Amino acid sequence: MTDLHDPTHEKALIIDFGSQVTQLIARRLRESGVYCEIHPFNKADAAFIKAYDPKAIILGGGPSSVPDANSPRADDYVFAAGVPVLGICYGQQTMMEQLGGKVESGHHAEFGRAFIEPKAQSSLFYGLFGPGDTEAEQVWMSHGDRVTRVADGFEVIAASQNAPLAVVADEARKFYGVQFHPEVVHTPRGSQMLKNFTHEIAGMKGDWTMAAFRQEAVRAIREQVGLGRVICGLSGGVDSSVAAVLLHEAIGEQLTCVFVDTGLMRKGEADEVVTLFRDHYNIPLVHVDAGDTFLGGLAGVSDPEKKRKFIGGAFIDIFEEEARKVGGADYLAQGTLYPDVIESVSFDGGPSVTIKSHHNVGGLPARMKMKLVEPLRELFKDEVRALGRELGLPEAFVGRHPSPGPGLAIRIPGEVTADKVKILQEADAVYLDEIRKAGLYDEIWQAFAVLLPVQTVGVMGDARTYDNVLALRAVTSTDGMTADYYPYPHDFLGRCATRIINEIRGVNRVVYDITSKPPGTIEWE
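Within any chain, residue numbers begin from 1 and follow the written order of that chain's sequence. Local features are withheld for residues below a pLDDT of 70 in this predicted model, meaning they are given only at 70 or higher, and side-chain atom pairs are given and counted only at 80 or more; totals for whole chains, interfaces and linings count all residues. Only hydrogens and water are set aside; all other atoms, that is, all heavy atoms of the structure, feed into the side-chain values.

Draft legend 1. Quick look at the nonpolar core. In this structure, Ile15, Ile57, Leu59, Val78, Phe277, Leu376 and Leu387 are the most contacted members of the largest nonpolar core, which totals 69 residues. The element that contributes the greatest number of residues to this core is helix 6 (residues 238–251), accounting for 9 residues. Throughout, a residue-residue contact means that at least one pair of heavy atoms, one from each residue, lies within 4.5 Å. Apart from residues lying up to four places away in sequence, Ile57 is in contact with Leu13, Ile15, Ile49, Val78, Val83, Pro84, Val85, Leu86 and Phe197. With 49 residues, the next largest nonpolar core counts Ala290, Ile311, Ala323 and Ala409 among its residues. We define the nonpolar core as a collection of buried residues of types Ala, Val, Leu, Ile, Met, Phe, Trp, Tyr and Cys that are connected through side-chain atoms lying within 4.5 Å of one another. Only protein chains enter the accessibility calculation, which uses a 1.4 Å probe; a residue is then buried when its area is under 20% of its type maximum, exposed when over 50%, and partly exposed in between. The secondary structure listing takes helices from DSSP runs of H or I that are at least 4 residues long and strands from runs of E that are at least 2 residues long, numbered from the N terminus.

Shown next, in the form of structure tokens:
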């Protein structure tokens, strides 16, 4: 597809070695107005780097050990490209090894909070440390190996208790290496260090904004689509809705939206979507009530990957059918996001790193005659919200908690039935109502209920019950890549449990999920 990125913007390149937090590097850079992309180490060769033309390169972390013979390396051109390079954790270690330093295993590891002490002045610490400062700075470490000898031209500019060479710099070549992770929130001033690298050291202006993206995306959509017709699949969530409004701004009546009501949405969502697009935006909308199709196809299916695959396939089938009904379409538009793309593709091409499949990633079946338009493919979730506000979508809609494409199907572990969906819709509505009444909705990144495939004994009145267990989930996050559970007061949880059990027939026990991401994911399936 046409590149939605304006080549006149400055770009940073992030080279991925498999860290679970590599995407956070990109988020921090984008927060400071720097456009960047993540590419796996084995794709970022000299030819790619020259074509991409970055103003700065960041080598991310990874699970490998540099002393191992087959551990991954950056292409040597990274250090010959004439641009500043920052190595983070594994990135620091491979930089040192490749430039003549030494990395060893078997020393004291550091995991979690640590403190670095400045040993020399550096542009990387601009605004953080002054001349002569020796106060320790909190950082977040996650390493077993460590650099034991710096490469020629480097000096040590900070050390931690178990990493004497924790931060190294070659100011002449503008090469820097940090053993810690500046991208995570547990390094409180890590964002400033990254901004120092991109703005102070690499001289980047930070000229990438949602207003600029909107203009560039409209231009790119028009260039890609021409006079063709586009069919956009609305799931009812923020992503596909923002994509639809952006497309409508770009191509107007060439767009037809197809809203597939799967029967698996939260209570009242289908009506909200139809009202917003037909009445408020006057966008051509086909409303397909496909609840029976989806519930029928999910009957007897318990495996979460099979659920996702079926739902994705059914969406495609319905799009095909509706495209024929509207007289044919040349393009299919989707609300695919950047994390969808990255999570669905292993950094090294192997299957082990893929966490879960996404129903809207991976192209179209060969039988389909349509090409893909994915105007949000370069954006993170919070950037999509910012774009929605830029486009004038109502705040109540843009600020809604995320909802997965497969809907409630992956919030019902085990087989999905119409009765279970009804119970979950009602319970979820009560839960969200209590959150809004408590004024907590905007403090929470995502909150939802999960209907467990477990039944327990209860007593209601004088009667014995044997009903379902409902799990409540609420997390805080900035980008969905890492998350922590929301610390509700116990009286709030008590109110929710009481209302749900009293008002929802079929639930007699409520539990609260206090798992963070990682090790868990936000959704249960």
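Now, onward.
Draft legend 2. Region of the structure containing the layout of surface pockets. Estimated volume of the second largest pocket: approximately 670 Å³. For the second largest pocket, the lining is made up of 34 residues, of which Val21, Trp140, Ser142, Val184 and Pro518 are closest to its centre. Those elements that provide at least two residues to the lining of the second largest pocket are helix 1 (22–31), helix 3 (90–98) and strand 7 (137–143). Among the elements that make up the lining of the second largest pocket, the one with the highest residue count is strand 7 (3 residues). Residues are grouped as follows: Ala, Val, Leu, Ile, Met, Phe, Trp, Tyr, Cys and Pro are nonpolar; Asp, Glu, Lys and Arg are charged; every other residue, Gly included, is polar. Of the residues contributing to the lining of the second largest pocket, the split by class is 11 nonpolar, 18 polar and 5 charged. For cavity detection a 1 Å grid was placed over the protein atoms alone, and a set of points counts as a cavity when a 1.4 Å probe fits there but cannot get out; an open set counts as a pocket when protein lies on both sides within 12 Å along at least five of seven lines, with lining residues being those that have an atom within 4 Å of a point. Grid points are joined across faces, edges and corners, and a volume is the space filled by probe spheres set on the points.

Draft legend 3. Structural detail: the packing of aromatic side chains. In this scheme Phe, Tyr and Trp rings, the latter by its six-membered ring, pair at centre separations within 6.5 Å, and the angle between planes marks the pair as stacked below 30 degrees, edge-to-face above 60, and tilted otherwise. Overall, the coordinates contain 14 aromatic pairs when judged by the stated rule. Between Phe17 and Tyr90, the aromatic rings sit 5.3 Å apart at their centres with planes inclined by 50 degrees, giving tilted as the arrangement. With Phe17 in the loop between strand 1 (11–16) and helix 1 and Tyr90 in helix 3, this residue pair connects regions lying 73 residues apart in the sequence. With relative accessibility at 0%, the residue Phe17 sits in the buried group. Ring centres of Tyr176 and Phe197 lie 6.4 Å apart, and the angle between their planes is 75 degrees; on these two criteria the pair is classed as edge-to-face. Of this pair, Tyr176 sits in strand 11 (residues 175–178) while Phe197 sits in helix 4 (residues 190–201), placing them 21 residues apart in sequence.

Draft legend 4. Main features of empty space enclosed by the protein. For the structure shown, the criterion picks out 2 cavities of 30 Å³ or more. Estimated volume of the second largest cavity: approximately 30 Å³. Around the second largest cavity sit Leu86, Leu124, Val178, Phe180, Pro182, Met193 and Leu194, which together line it. Taken together, the residues of the lining of the second largest cavity break down into 7 nonpolar, no polar and no charged.

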